[in-house]
Structure formats: C-alpha cells, structure tokens
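Structural characterization, general
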Amino acid sequence: MSYAVKEIYYTLQGEGARSGRPAVFLRFAGCNLWTGRERDRAGAVCRFCDTEFVGTDGPGGGRYASPADLAEAVSRHWPGDALPQARPYVVCTGGEPLLQLDAAAVTALKGAGFEVAVETNGTLEAPPGLDWVCVSPKAASRLLLRSGNELKLVYPQAEPEARPERFAEFAFDHFFLQPLDDDRLADNTRASIDYCLRHPQWHLSLQSHKILGIA
Ligand code: SF4
C-alpha cells in the first residue's frame, strides 16, 4: 500500500493530555467526513474543520510507496541528537488518518523507534499496536471507536448527537472539551469552561499551538 501524505513536520503537541510534548506530526491526506473543498462544506458531515488536508503538497508531503518509506520520512524529522530518554513520538493525524494508517505502517513506525499516536474522528477501525488513541467525535457521524486514551470533543456542536453527555460513559482515560474555533471563540470558550466546572469529568483543552503561533 502507498500513503498520501499532506505534510510532515516537527512541533509541540498543542492539545489534550500530551500538550507540550515534542512530536513529529504526520498528516495524511483526505477525510471521510468532508472533501476539504469549500464548496462542499455546507453539505458535509463535519463542517467546522480548520485543517488543510487536501493533496500532498505540504512540507514533507508526498506519496510514500511503502511503510518503510513512510517511516523513514518520519524519522528524518526527529532530532538526530536527541538523547535516548526522549522517546521518538509521532502523531498520525489528518484529514482522517485511519483511511490509510494500517498495521504495516504502525509496525514500520514502531520499528523505527517511534511511539505512535493517532488523532481520529472515530468512525473507522483502528489498526493494532497504537500507543495512544485520541478520538474526536464529529457531529452526527457514527462512532466506532468507543474506547481509547483520550476523547477530545470540540464544543459546542449543533447536533444533539455531539453533546458531551453522549460520550461520558465511554471507556477513555481522559475527557476533554475543546472550544470550537469560529467567530464565536470567546463565547465557546466560556461555554466550555462552564460545562467543565459543572461536569468535572471533563477537562478543558486549549489549542495552545494557535495561542503560541506555532504550527
Ligand atoms: S473529521 Fe477532522 S479532518 Fe475531517 S473534516 Fe472534520 S475536523 Fe476536518
């Protein structure tokens, strides 16, 4: 299998329980909940996406012919002078990474020494061997992944199926609300804070990379 990758870059994880951790971001092209074209946004299942995931033209992007090629490309972004205590970490994201991330790619990335995380909308099965699973449910999509390390819900979403109450009993270690970043961000942040204070199972996740102005 080959892999269509929008971009690969090294940065700090900006969101959720591992916020602040250096990571290689491996952004796969394509998503099953939106085409990525603005003219299709209004009719998409997921309508608030803030990520460019169409094509393979970003830094480090391209078509990688094999799991080994993909792992090698990711490895090139991890600092070569890092001490062994700094375990290499890759965050597979998108778009929707589980359209492409298969067991062979996970094995290749782990063989290259990486701890492998995925950030998914949860509508597709995950391959075995992942070290960290972050599920971010979107609108009224059908959720297959109901367990993992963290559930990160963009809040608020208009659809009743995306209310936090629907997910509170799922089997995750961490539950995060992340304010929807639209033209009502201040209101959405206030609403997220209020919800977390009333339901302390939920913690607030801020997109610190945006606050810091990093990728
Ligand atoms: S599921 Fe994620 S990548 Fe896909 S359109 Fe929604 S926010 Fe964007």
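Because the structure is predicted, anything quoted here is derived from the model rather than measured.

Okay, the overall build of the chain next. Within the chain, the regular secondary structure consists of four helices and nine strands. When the helices and strands of the chain are read in sequence order from the N terminus, they spell out β-β-β-α-β-α-β-β-β-β-α-β-α. Relative to a compact globule of 215 residues, whose C-alpha radius of gyration would be 17 Å, the chain shows 17 Å and is just as compact. The principal-axis extents of the C-alpha atoms in the chain amount to approximately 45 × 40 × 35 Å.

This brings us to the site of the ligand. What surrounds the ligand is the set Cys 31, Leu 33, Trp 34, Cys 46, Cys 49, Phe 53, Gly 95, Asn 121 and Lys 138. Judged by the fraction of its atoms near the pocket grid, the ligand is located in the largest pocket.

We now examine the side chain of Asn 121. Topologically, Asn 121 is positioned in the loop between strand 5 (115-120) and strand 6 (132-135). Contact partners of Asn 121, with chain neighbours within four places excluded, come to Cys 31, Asn 32, Leu 33, Glu 96, Val 135, Ser 136, Pro 137, Lys 138 and Leu 143.

Here we take up the layout of surface pockets. Computed from the structure, the largest pocket encloses a volume of approximately 790 Å³. Glu 15, Asp 50, Thr 51, Gly 94 and Gln 207 are the residues nearest the centre of the largest pocket, which is lined by 37 residues in total. Every element with two or more residues in the lining of the largest pocket is listed here: strand 1 (3-12), strand 2 (22-28), strand 5, strand 7 (147-155), strand 8 (171-179) and helix 4 (208-212). At three residues, strand 1 tops the list of elements feeding residues into the lining of the largest pocket. Here the lining of the largest pocket is built from residues that sort into 14 nonpolar, 12 polar and 11 charged.

Enumeration according to the criterion identifies nine aromatic pairs in this entry. Taking the centre distance of 5.7 Å and the plane angle of 75 degrees together, the rings of Phe 167 and Phe 170 count as edge-to-face. What makes Phe 167 buried here is its relative accessible area of 0%. When its relative accessible area of 16% is taken as the criterion, Phe 170 is described as buried. Through pairs of rings, three or more aromatic residues link up here, namely Tyr 155, Phe 172, Phe 175, Tyr 195 and Trp 202. Above the plane of the ring of Tyr 89 lies Arg 21, whose end atom (NZ or CZ) is 3.9 Å from the centre.

Further remarks concern the nonpolar core. Core analysis: the largest hydrophobic core is formed by 47 residues, its most contacted members being Leu 26, Val 90, Cys 92, Leu 101, Leu 109 and Trp 202. Of the residues forming this core, the biggest block, five residues, is contributed by strand 2. Among all residues touching Leu 26, those that are not within four sequence positions of it are Val 5, Glu 7, Ile 8, Leu 70, Val 74, Val 90, Val 91, Cys 92, Thr 93 and Leu 109.

All right, on to the packing of helix 1 (residues 67-75) against helix 2 (residues 103-111) then. Viewed as axis vectors pointing N to C, helix 1 and helix 2 meet at an angle of 45 degrees, and their least axial separation amounts to 8 Å. As summarised for this structure, helix 1 and helix 2 are arranged oblique, according to the angle between their axes. Considering the relative orientation of helix 1 and helix 2, their crossing is right-handed. For the pair helix 1 and helix 2, contact is made by Pro 67, Ala 68, Leu 70, Ala 71 and Val 74 and by Ala 104, Ala 105, Ala 108 and Leu 109, respectively. In terms of residue class, the contact of helix 1 with helix 2 is made up of nine nonpolar, no polar and no charged.

For the rest of this paragraph, the subject is the pattern of salt bridges. Tallied over the full model, the rule gives 17 salt bridges. For the salt bridge of Glu 159 with Arg 47, the shortest nitrogen-to-oxygen distance reads 2.9 Å. Remark: Arg 47 occurs in the loop between strand 2 and strand 3 (62-64) and Glu 159 occurs in the loop between strand 7 and strand 8; sequence separation between them is 112 residues. Of the residues examined, Arg 47 reaches a relative accessible area of 40% and is grouped as partly exposed. For Arg 184, the salt bridge identified is with Asp 187, shortest N-O distance 3.4 Å. A relative accessible area of 48% means that Arg 184 is categorised as partly exposed. According to the relative accessible area criterion, Asp 187 is partly exposed, its value standing at 43%. The network of salt bridges with common partners includes Arg 18, Arg 21, Arg 87 and Glu 115.

The rules behind these values
Residues numbered from 1 in each chain as written. Predicted model: local features only at pLDDT ≥ 70, side-chain atom pairs only at ≥ 80, totals over all residues. Heavy atoms only, no water. Helix = DSSP H or I, 4+ residues; strand = E, 2+ residues; numbered from the N terminus. Rg over C-alpha atoms; globule rule 2.2 N^0.38 Å. Near = heavy atom within 4 Å. 1 Å grid on protein atoms, 1.4 Å probe; cavity = no way out; pocket = protein on both sides within 12 Å on 5 of 7 lines; lining within 4 Å. Sits in = over half its atoms within 2 Å of the grid points. Contact = heavy atoms within 4.5 Å. Points joined across faces, edges and corners; volume = space filled by probe spheres on them. Nonpolar A, V, L, I, M, F, W, Y, C, P; charged D, E, K, R; others polar. Phe/Tyr/Trp six-rings, centres within 6.5 Å; stacked < 30°, edge-to-face > 60°. Buried < 20%, exposed > 50% of the residue type's maximum accessible area, 1.4 Å probe, protein only. Lys NZ or Arg CZ within 6 Å of the ring centre and 35° of its normal. Core = buried A, V, L, I, M, F, W, Y, C linked by side-chain atoms within 4.5 Å. Axes fitted to C-alpha atoms, helices over the stretch in contact; angles between N-to-C directions. Parallel < 35°, antiparallel > 145°, perpendicular 65-115°, else oblique. Left-handed = near helix turned anticlockwise from the far one by under 90°. Salt bridge = Lys/Arg side-chain N within 4 Å of Asp/Glu carboxyl O.

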